[in-house]
Amino acid sequence: MMHPSDEPLWDVVEVSKAYPGVLANDRVSIRLMPGRIHGLLGENGCGKSTLIRLLSGVDRPDSGEIRLRGQPVALTSPTGARELGVSTVFQEFSIIPSLTVAENVFLGRWPRRALGLIDWETMRRRSSEVLAELDIELDPDAITSTLSVAQQQLIEIAKAVAADAQLIILDEPTTALGLDEIAQLHALLRRMRGKGHAILYVSHRLDEVTALVDEVTIMRGGRVVSAAGKTAVEVDAIVSAMIGGDVREHYPKERNTRPETMLRVTAISSARGVRNVSFTLQAGEVLGLGGVLGSGRTEIARALFGLDPLTAGSIEIEDRHLRISGPSDAIRAGLALVTENRKTDGLFFNFDGRANISSASLPRYSTFGFLGLHREDAEAASLARQLELSRGAEDKSVRHLSGGNQQKIVIARWLLSRARVLILDEPTQGIDIGAKLAVYRLINRLTAEGCAILLISSDHDELLAMSDRIAVVRHGTITDIRAPRDLTHADLVRAATTEIMTEGRTAA
Ligand SMILES: Nc1ncnc2c1ncn2[C@@H]1O[C@H](COP(=O)(O)OP(=O)(O)OP(=O)(O)O)[C@@H](O)[C@H]1O
Ligand SMILES: [Mg+2]
């Protein structure tokens, strides 16, 4: 067992990195100690992923020095960084969908036998070991593309852990994970800390940060504004300064439920595991879907949006029966879906932010590929301001935006679409606290206009605060619908995992 020492493992000294039009890292310094978990915080676009790309050999700094155990080193390629003991879970997934789980876990480092033949046996065995250590129940031979987003994220993590590097960097590793998986990841990271690994951890979830990290660095506009030392109080204070208010008053919930029924779902089932789901959604209402990862919430959203065909049941919007055989029918009927899989489903990477925001509200949905831009521009710009999209983000190619800003663009697009029923699947994951507030305010504004919202969120505080009613989902079906005041965190977890449903509280 190694012990934390006073010598930094990695020492980044006054490193700068410019991209066209932006100084993404401005004389950034950070020290990463063995046996410590270091949190890296700051609003979207402040330069966190840039710093990580420099430490991972993906990009090279324009100036400054990076030292490993006191010695200056040049990190000129991802392979080079890996050989120096850096392993990174990138914000964007880097797994290859057509490969198996085991092949992805050992991507770039496939074990070989004599004559250079790939050692499939070792690869499979080692993958199983790593997956077991993470408590992940996955078949090493499964093809990655068949797995859920959460499972793919777990593979990313397994990949980094399998490399057993001295420095492990995780750039928002939990955006797709449920509470159980997050707890497992944290436990694993604590074990690795105990073994002397240095860990750099980026997250926008403060509960996570306060629970896990030993010290923090906070960035703003490419610079380090606060370094090292951490208490929960300190983090709260910084966040308050960032958003200009009390951290605990994040939820400006307004009640806008009207008597008219907007959406009536009757006994729907789908091939993907939705079973006999019924509920109604009033105009102006927010119905939260609670449940653990894999409980079937995303599958309900997919079935409503026509992504998976219904095998039974019916859907009515404003008393009109719908025949949904695909997303274009759903959009025509007034439904919109912000998927949890934004990075892959949601963006036209070669267009700029404004074109991406406008694309859902074009008059002809069938001509998705042709983006004629006109009157929506002004509204796109106003929405971008409300979401505090980084300056210039609208005009930049989306490919070059920070992860959080990409996310804001997908959300903005659907908020502009004037849908009557909006399905939001984990809408605030990966966006900073200021933008979360903006999303909550937009939810209020939309519901005030009569839009009905189905909100899927693994953030229990958010779900409890922003929903008018909460439906608990388990094994693809709704087991209970209650008012948030009748539910606690513990209830949500328990209700989703065990049979505690009481009579008389069935789906309304
Ligand atoms: N390849 C690139 N070309 C142009 N600009 C870039 C490129 N990569 C990053 N940027 C810009 O650098 C700035 C910092 O981005 P970075 O991805 O480091 O932010 P971040 O702190 O990780 O944000 P988030 O929390 O949203 O992930 C942003 O303004 C971003 O648009
Ligand atoms: Mg980032």
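If you're wondering where the values come from, they're calculated on a predicted model, not measured in any experiment.

Enquirer: Pulling in residues and values, what's your account of the overall build of the protein?
Expert: Looking only at helices and strands, the protein has 17 helices and 20 strands in total. When contacts within the protein are restricted to residue pairs at least 6 apart in sequence, long-range pairs at least 24 apart make up 68% of them. Carbon and sulfur atoms make up 51% of the accessible area of the protein, which totals about 21,600 Å².

Enquirer: Just give me the short version of the confidence of the model for the protein, but keep the residues and values in it.
Expert: Counting all residues, the mean pLDDT for the protein is 80, and 79% of those residues have values of 70 or more. The lowest-confidence element of the protein is helix H11 (residues 342–345), averaging 52 in pLDDT; the highest-confidence one is strand E4 (residues 63–68), averaging 97. Every residue in residues 360–375 scores below 50 in pLDDT, and together they form 20 contacts with partners more than four places removed in sequence or on other chains. In this model, residues 499–508 is a region of pLDDT below 50 whose contacts with residues beyond four sequence positions or in other chains number 18 contacts.

Enquirer: So what's going on with unusual backbone geometry? Residues and values would help.
Expert: A positive phi angle is found at glutamate 318, which is not glycine, with a value near 45 degrees. As for its placement among the helices and strands, glutamate 318 is situated in the loop between strand E14 (310–317) and strand E15 (320–321). Despite not being glycine, histidine 475 shows a phi value in the positive range, around 50 degrees. Judged by relative accessible area, histidine 475 falls into the exposed class, the value being 52%.

Enquirer: Can you explain the site of ligand 1? Please cite residues and give values.
Expert: Close to ligand 1 lie 21 residues; Gly45, Lys48, Thr50, Ser402 and Gly404 are nearest. At a separation of 2.7 Å, an oxygen atom of ligand 1 approaches a polar side-chain atom of lysine 48. Between ligand 1 and arginine 53 there is a distance of 3.3 Å, counted from a nitrogen atom to a side-chain nitrogen or oxygen. Alone, ligand 1 offers 650 Å² of accessible surface; in the complex the protein occludes 90% of this. Broken down by secondary-structure element, the contributors of at least two residues to the shell around ligand 1 are strand E2 (22–32), helix H1 (48–55) and helix H14 (403–415). For the shell around ligand 1, the element with the most residues is H1, which contributes 4 residues. Classifying every residue of the shell around ligand 1 by side-chain character gives 5 nonpolar, 12 polar and 4 charged. Two domains each put at least three residues into the shell around ligand 1: domain 1 (10–243) and domain 3 (352–417).

Enquirer: Explain empty space enclosed by the protein to me, and be specific about the residues and the numbers.
Expert: Summed over the entire model, instances satisfying the criterion amount to 5 cavities of 30 Å³ or more. Volume-wise, the largest cavity comes out at about 120 Å³. A class-by-class count of the residues in the lining of the largest cavity yields 1 nonpolar, 7 polar and 4 charged. Shared between two domains, the lining of the largest cavity holds at least three residues of each, these being domain 1 (10–243) and domain 2 (250–334 + 419–508).

Enquirer: How would you summarise the packing of helix H4 (residues 120–133) against helix H5 (residues 149–162) if you had to cite specific residues and measurements?
Expert: Packing of H4 against H5 leaves a shortest axis separation of 10 Å and a crossing angle of 110 degrees. Here H5 runs roughly perpendicular to H4, going by the angle between their axes. Along this stretch, H4 crosses H5, giving a crossing that reads as right-handed. Residues Arg126, Val130 and Leu131 of H4 touch H5, and the partners they reach there are Ala158, Val161 and Ala162.

Enquirer: Before we move on, could you go through the pairing of strand E9 (residues 215–220) and cite the residues and values that matter?
Expert: Of all 6 residues in E9, 5 are buried; the element is thus mostly enclosed. Two strands pair when backbone bridges link them, and strand E3 (residues 37–41) and E9 are joined in this way by 4 bridges, in the parallel orientation. The residue of E9 that forms the bridge with leucine 41 is isoleucine 218. Here 4 bridges tie E9 to strand E10 (residues 223–227), and the two strands are oriented antiparallel to one another.

Enquirer: Lay out the nonpolar core with the relevant residues and their values.
Expert: Counting residues in hydrophobic clusters, the biggest one holds 59 residues, and the most contacted among them are Phe279, Leu304 and Ile453. Core analysis: the second largest hydrophobic core is formed by 41 residues, Ile37, Leu41, Leu189 and Val216 among them.

Enquirer: Break down H1 for me, citing the residues and quoting the values.
Expert: Counted residue by residue, H1 has 7 buried out of 8 residues, so it is predominantly covered. Taken together, the buried positions of H1 are occupied by Lys48, Ser49, Thr50, Leu51, Ile52, Leu54 and Leu55. At the C-terminal side of H1, glycine 57 shows a positive phi close to 75 degrees.

What counts, and where the lines are drawn
- One numbering rule holds for all chains: residues counted from 1, following each sequence as written.
- Written order decides the labels, with chains lettered from A and ligands numbered from 1.
- Confidence filtering applies because this is a predicted model: local features only for residues at pLDDT of at least 70, side-chain atom pairs given and counted only at 80 or more, and all residues used for totals across whole chains, interfaces and linings.
- Excluding hydrogens and water, the side-chain values take into account all heavy atoms of the structure.
- Only DSSP runs of H or I covering at least 4 residues are called helices, and only runs of E covering at least 2 are called strands; the numbering of each starts at the N terminus.
- Whether two residues are in contact is decided by their heavy atoms, any of which lying within 4.5 Å being enough.
- In these tables, accessible area is a Shrake-Rupley quantity obtained with a 1.4 Å probe, and a residue counts as shielded only by the protein chains included in the view.
- For every residue, the pLDDT score states the predictor's confidence, bounded by 0 at the bottom and 100 at the top.
- Using a 1.4 Å probe on the protein chains alone, a residue whose accessible area is under 20% of its type maximum counts as buried, one over 50% counts as exposed, and one in between counts as partly exposed.
- Near, as used in this document, describes a residue that has one of its heavy atoms within 4 Å of the molecule or strand being considered.
- Any pair of N or O atoms that falls within 3.5 Å is considered a polar contact. Within protein, one atom must be able to donate a hydrogen and the other to accept it, and sequence-neighbouring residues count only if both atoms are side-chain atoms.
- Polar here means any residue other than Ala, Val, Leu, Ile, Met, Phe, Trp, Tyr, Cys and Pro, which are nonpolar, and Asp, Glu, Lys and Arg, which are charged; Gly is therefore polar.
- Either an automatic procedure or a domain database provided the assignment from which the domain bounds are taken.
- Whether a set of points on the 1 Å grid over the protein atoms alone is a cavity depends on a 1.4 Å probe fitting there but being unable to get out, while an open set qualifies as a pocket with protein on both sides within 12 Å along at least five of seven lines; lining residues are those with an atom within 4 Å of a point.
- Grid points are joined across faces, edges and corners, and a volume is the space filled by probe spheres set on the points.
- Lines fitted to the C-alpha atoms define the axes, with helices restricted to the stretch that makes contact. Angles between their N-to-C directions range from 0 to 180 degrees.
- Relative orientations are named as follows: roughly parallel for angles under 35 degrees, roughly antiparallel for angles over 145 degrees, roughly perpendicular for angles from 65 to 115 degrees, and oblique for any other angle.
- Left-handed describes a crossing whose near helix is turned anticlockwise from the far helix by less than a right angle; the clockwise case is right-handed.
- One bridge is not enough; two strands pair if DSSP finds at least two bridges between them.
- As used here, the term nonpolar core means buried Ala, Val, Leu, Ile, Met, Phe, Trp, Tyr and Cys residues forming a set that is joined through side-chain atoms within 4.5 Å.

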